[in-house]
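Observations on chain architecture
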Amino acid sequence: MSKPHWRPAHTSDLPAISAIAAQIHPDLPERPEVFAEKMRLYPDGCRVLVAGDEIAGYGLAHPWKQHQIPPLDRFLERLPEYADCLYVHDIAVLPDRRGGVARAYVTGVAELARASGIATLALVSVYATRPLWERLGFRAVAADASLQAKLACYGEGATYMLRDLAAT
Ligand SMILES: CC(C)(COP(=O)(O)OP(=O)(O)OC[C@H]1O[C@@H](n2cnc3c(N)ncnc32)[C@H](O)[C@@H]1OP(=O)(O)O)[C@@H](O)C(=O)NCCC(=O)NCCS
């Protein structure tokens with residue numbers, strides 16, 4: 001079988017994206033229309049992992065402001081006028097397709113950020129994935145009280161992390 005690869009997500013991928021999200025993130029549910037809004041607002045950051053003839057994962061990212069995180073399962077409404085980071089909302093891949101694919105997605109998103117004049121990637125690490133993101137160049141940053149409160153909805157151990165693209 002051919003190596004899994006990332007391609008831009010299309011509206012027709014939404015059922016597959018929602019099914020993977022439900023399987024991988026049962027405790028962090030989000031509505032398909034919330035995924036769809038990100039694809040509409042920032043299609044360049046929304047990609048699916050194609051393995052053979054199936055969708056085996058997705059990655060969603062969009063411009064945002066550092067130290068701010070959009071609440072889960074809420075509409076963004078609009079992108080910030082002066083974004084200073086690309087925020088990786090989520091990457092989820094079916095277990096048997098993992099291995100090198102998060103790195104490939106993040107490399108693509110970093111290229112996108114640089115091409116857009118954005119020098120920082122941001123994300124919230126969940127499920128003890130912090131060492132994985134550190135391996136990809138992200139660093140945990142101290143969260144103020146407002147950010148801490150927002151992190152709470154991502155579960156215990158959720159960590160806000162940034163990657164400085166100028167440093168890598
Ligand atoms: C997160 C996820 C997408 C990672 O996919 P993946 O294909 O396994 O990731 P990669 O292999 O590209 O890993 C990136 C790097 O982290 C490393 N890594 C993986 N797990 C690690 C761990 N537990 N500790 C340290 N490094 C780790 C990898 O070796 C790789 O480094 P390398 O390229 O130098 O070898 C996948 O595990 C997943 O879908 N998990 C469930 C959903 C989830 O947690 N999403 C993230 C929400 S924040």
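Here the structure is a predicted model, which means the values were calculated and not measured. (Residues numbered from 1 in each chain as written. Predicted model: local features only at pLDDT ≥ 70, side-chain atom pairs only at ≥ 80, totals over all residues. Heavy atoms only, no water.)

Regarding the pattern of salt bridges
We count it as follows: Salt bridge criterion: a side-chain nitrogen from Lys or Arg within 4 Å of a carboxyl oxygen from Asp or Glu. Working definition: helices are DSSP H or I runs of at least four residues, strands are E runs of at least two. Numbering for both runs from the N terminus. Residue exposure (1.4 Å probe, protein chains only): buried if accessible area is under 20% of the type maximum, exposed if over 50%, otherwise partly exposed.
In this structure the tally under the stated criterion is four salt bridges. Between Asp-73 and Arg-31 there is a salt bridge whose closest N-O contact spans 3.1 Å. Placement of Asp-73 in the loop between strand 3 (54-64) and strand 4 (85-93) and of Arg-31 in the loop between helix 1 (14-24) and helix 2 (32-41) is noted, with a sequence separation of 42 residues between them. Since its relative accessible area comes to 33%, Arg-31 is described here as partly exposed.

Considerations on the sheet that holds strand 7 (residues 159-164)
For sheets, the rule is that strands pair by backbone hydrogen bonds, running either parallel or antiparallel. Our working rule: Strand pairing follows a simple DSSP-based rule, namely that at least 2 bridges must link the two strands. Throughout, a contact is declared for two residues whenever any of their heavy atoms are within 4.5 Å. Between N-to-C directions, angles span 0 to 180 degrees; the directions come from axes that are lines fitted to C-alpha atoms, helices contributing only their stretch in contact.
Taken in spatial order, the seven strands make up an open sheet running 1-2-3-4-5-7-6, and their pairing is mixed. Both outer strands of the open sheet, strand 1 (5-8) and strand 6 (139-140), are each paired with one neighbouring strand and no more. Both strand 1 and strand 2 (residues 47-51) contribute to a ladder of four bridges, which runs antiparallel. Along strand 2, the bridge assignment pairs His-5 with Val-50. Taken strand by strand, helix 1 contacts strand 2, strand 3 and strand 4, and its axis lies near 90° from that of strand 3.

Some points on the environment of Ser-146
Of note, Ser-146 is situated in helix 5 (residues 145-151). Put simply, Ser-146 and Leu-41 are 105 residues apart on the chain and 26 Å apart in space, counted from C-alpha to C-alpha.

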